[in-house]
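What follows is each chain in one-letter form.
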Amino acid sequence: MEDDVAPPAFSVQTSMEQCEDLHVEEKVSTSDTSSNWMEEATDAPQISKSFTKVAESKFPIKVEEFFNLFFSDDAVGFVESFRKRCGDKDFKCTKWSTRDNLEIGREVSFQHPIKIYLGAKYGGCKELQTYRVYKNSHLVIRTSQEVNDVPYADYFHVEGCWDVCRDGDQSRESCILRVYVTVVFTKNTMFKGKIEQSTLDECREAFATWISLAHQLLRQKSIEKGQASVHKNETIHSESERKVTEASARPCQRIEHRPIVNTGADCSGSTQQNVTDMMLLNTSDFASLFKILRTKFCSFLKSRGNLQVLLVATFVLILLLMQLSIVVLLTRPQQIHASPQADHMATTGVVGSQSKAIVTALLEKRIHVLKDEMLLVEAHLERMKNEQMLLKAQMQDLEHLVRQM
């Protein structure tokens, strides 16, 4: 049962990547139906526009089986494993019970790490979960979570909605999970946008972890079922192998008890018959051995799944292509063009003489440019000298006027 609305990310530390992989504890009910499963005849209500979808996934099981695996009273071990994956501690969960408003609910509490540096390192989280089953096994689980010991904890609470319905594809029995979250504020604060965004981001990470654990649990259950079927197939194969061995032993007995006649014609005929029997025996042995190997290989593929076979085949193909490319590169002839030393020296001499001429021309142009620049600088200095003399004369005139005043 997934108590999965994550506390506000403004105050909660997500340590999902740092925690160790935990094996999901399987405490799933053996019965196909839950004692609290009561389907109503009405349609499920529409999701409010204030909610934001933060997760979606498809599960190859019925809706009722989804509830039994992840939300029933027997699935508390799965919920606790998820909380440990998120870094939580002190997990507690009550059983589903009918409340005053005739809703079926339970309470979940745990300590979640806080990522702020000052204050408490863990914040207490309390979550109320209720669920209803509508027409066509439409499961709706609503959650309301409050967090303590964090900044602005009394300003808001987080509400979630788990919407689980049948898949539209009728060819397979499967269901689709959609998770929605909203932040309800009871007081105004300037950090409203920051709190909402942080909460949605952390909920996306938390629900992604929950979905990963859920699919991991389903894979474990499918592997167990596959192993049981493999054991059954091995029993059948051993029985068939025993029968094939007995059948292959019968020609040998016929050959051992065949009478030997000393006449020439009979000897040749018996020899030909013995050769024919031996060929039939070898053919039957080879056919039985091939059947046994094929049966064992097919059972191995069924137990391992098509994905691993595809990965192994892809890996082998890549290795073969790498080896082939190396062989092609090694066997390809290398073309080396050798030029005579005389031609190289002649070419070097021609290029050297041309480069000297070009460098000399560039140096001459640069010298002319520098001469022009020096003339401009001299003219500019002469003009500055004249301006200085004029300024000096004006200063003397001003001093003379000041003395007369």
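Throughout, a residue's number is its position along its own chain's written sequence, starting from 1. Confidence filtering applies because this is a predicted model: local features only for residues at pLDDT of at least 70, side-chain atom pairs given and counted only at 80 or more, and all residues used for totals across whole chains, interfaces and linings. To obtain the side-chain values, all non-hydrogen atoms of the structure were included, while hydrogens and water were left out.

1. Considering the overall build of the protein chain
What counts is decided by this rule: To qualify as a helix, a DSSP run of H or I must reach at least 4 residues; to qualify as a strand, a run of E must reach at least 2; elements of each kind are numbered from the N terminus. Throughout this description, buried means an accessible area under 20% of the type-specific maximum (1.4 Å probe, protein chains only), exposed means over 50%, and partly exposed covers the range between. Should any heavy atoms of two residues lie within 4.5 Å, those residues are counted as being in contact. Here the accessible surface of atoms and residues is derived via Shrake-Rupley with a 1.4 Å probe, and residues count as covered only by protein chains that are part of the display.
Summing up its helical and strand segments, the protein chain has 6 helices and 8 strands in all. Going through the 405 residues of the protein chain one by one, you find that 29% of them count as buried. At a minimum sequence separation of 6, the contacts of the protein chain that also span at least 24 residues come to 68%. When the accessible surface of the protein chain is summed, it comes to about 28000 Å², and 58% of that surface belongs to carbon and sulfur atoms.

2. Here we look at helix H1 (residues 63-70)
With 7 of 8 residues buried, H1 is to be regarded as a mostly interior element. Buried within H1 we find Val 63, Glu 64, Phe 66, Phe 67, Asn 68, Leu 69 and Phe 70.

3. Examining the packing of aromatic side chains
Applied cut-off: When two rings of Phe, Tyr or Trp (its six-membered ring) have centres within 6.5 Å they constitute a pair, described as stacked for plane angles under 30 degrees, edge-to-face for angles over 60, and tilted for the intermediate range.
According to the stated counting rule, one finds 19 aromatic pairs in the structure shown. Ring geometry for Phe 67 against Tyr 131: centres 4.8 Å apart, planes inclined by 45 degrees, an arrangement best described as tilted. You can see Phe 67 sitting in helix H1 and its partner Tyr 131 sitting in strand S5 (residues 122-134), a full 64 residues away along the chain. A residue is classified by how much of its surface remains accessible, and Tyr 131, at 3% relative accessible area, is buried.

4. With respect to the nonpolar core
How we decide: The set of buried Ala, Val, Leu, Ile, Met, Phe, Trp, Tyr and Cys residues whose side-chain atoms join them within 4.5 Å is what this entry labels a nonpolar core.
In terms of nonpolar packing, the biggest core is built from 41 residues, with Phe 59, Phe 66, Phe 70, Leu 139 and Trp 210 touching the most fellow members. Of all elements in the fold, only strand S1 (52-59), H1, helix H2 (76-85), S5, strand S6 (138-147), strand S7 (156-166), strand S8 (175-185) and helix H3 (192-256) reach the threshold of two or more residues within this core. The element best represented in this core is H3, accounting for 11 residues. The contacts of Leu 139, once residues within four sequence positions are left out, are Trp 37, Val 63, Phe 67, Tyr 131, Arg 132, Val 133, Trp 162, Asp 163 and Val 164. In this structure, Phe 91, Ile 114, Cys 125 and Ala 153 belong to the second largest nonpolar core, which totals 9 residues.

5. As for the pattern of salt bridges
When the charged atoms of two side chains lie near each other, side chains of opposite charge can form a pair. Quick reminder of the rule: By definition, a salt bridge exists where a carboxyl oxygen of Asp or Glu is found within 4 Å of a side-chain nitrogen of Lys or Arg.
One pass over the structure, following the stated rule, counts 10 salt bridges. Note that Glu 40 is salt-bridged to Arg 132, the shortest N-O span being 2.9 Å. Taken together, the residues Glu 40 in the segment before S1 and Arg 132 in strand S5 connect sequence positions 92 residues apart. Looking at Glu 40, the relative accessible area reads 28%, which means it is partly exposed. The class for Arg 132 is partly exposed, based on a relative accessible area of 34%. Between Lys 84 and Glu 80 there is a salt bridge, with its nearest N and O atoms 3.9 Å apart. Placement of both Lys 84 and Glu 80 in helix H2 is noted, with a separation of 4 residues, approximately one turn of the helix. Look at Glu 80 and you get partly exposed, because its relative accessible area is 27%.

6. Side note on unusual backbone geometry
Its identity as a non-glycine residue notwithstanding, Asn 136 has a phi of 65 degrees, on the positive side. Mapped onto the secondary structure, Asn 136 falls in the loop between S5 and S6.

7. A short note on a nonpolar patch on the surface
Inclusion rule: Residues qualify for a patch when their relative accessible area is over 30% and they have no salt bridge, like charges being joined within 9 Å and the nonpolar side chains of Val, Leu, Ile, Met, Phe, Trp and Tyr within 5 Å.
Nonpolar side chains collect at one region of the surface, where Val 312, Phe 315, Val 316, Ile 318, Leu 319, Leu 320 and Met 322 lie side by side and expose about 660 Å² of accessible area between them. Within the element layout of this structure, Val 316 appears in helix H5 (residues 306-331).

8. Thoughts on the environment of Thr 94
In plain terms, the rule: Polar contact criterion, stated in full: a pair of N or O atoms within 3.5 Å, where within protein one must be able to donate a hydrogen and the other to accept it, and residues adjacent in sequence count only if both atoms are side-chain atoms.
Mapping Thr 94 onto the fold places it in the loop between strand S2 (89-93) and strand S3 (97-98). Sequence separation of Thr 94 and Glu 107 is 13 residues, and the distance between their C-alpha atoms is 5.6 Å. Sequence-distant contacts of Thr 94, defined by excluding residues within four places in its chain, comprise Arg 106 and Glu 107. A distance of 2.8 Å separates the side chain of Thr 94 from the backbone nitrogen of Glu 107, its partner in a polar contact.

9. Some remarks on the pairing of S7
Put simply, the rule is: Should DSSP find at least two bridges between two strands, the strands are taken to pair.
Among the 11 residues that make up S7, 9 are buried, leaving the element largely enclosed by the rest of the structure. Inspection of the sheet shows S6 paired to S7 by 7 bridges, in the antiparallel sense. Of the residues in S7, the one forming a bridge with Thr 143 is Gly 160. Taken together, the 11 bridges between S7 and S8 define a ladder with antiparallel strand orientation. Across the sheet, residue Trp 162 finds its bridge partner in S8, namely Val 179.

10. A short note on the pairing of S8
In terms of residue burial, S8 counts as a mostly covered element, since 9 of its 11 residues are buried. The sheet contact formed by S1 and S8 spans 7 bridges and is antiparallel. Across the sheet, Thr 52 pairs through a bridge with Val 181, a residue of S8.

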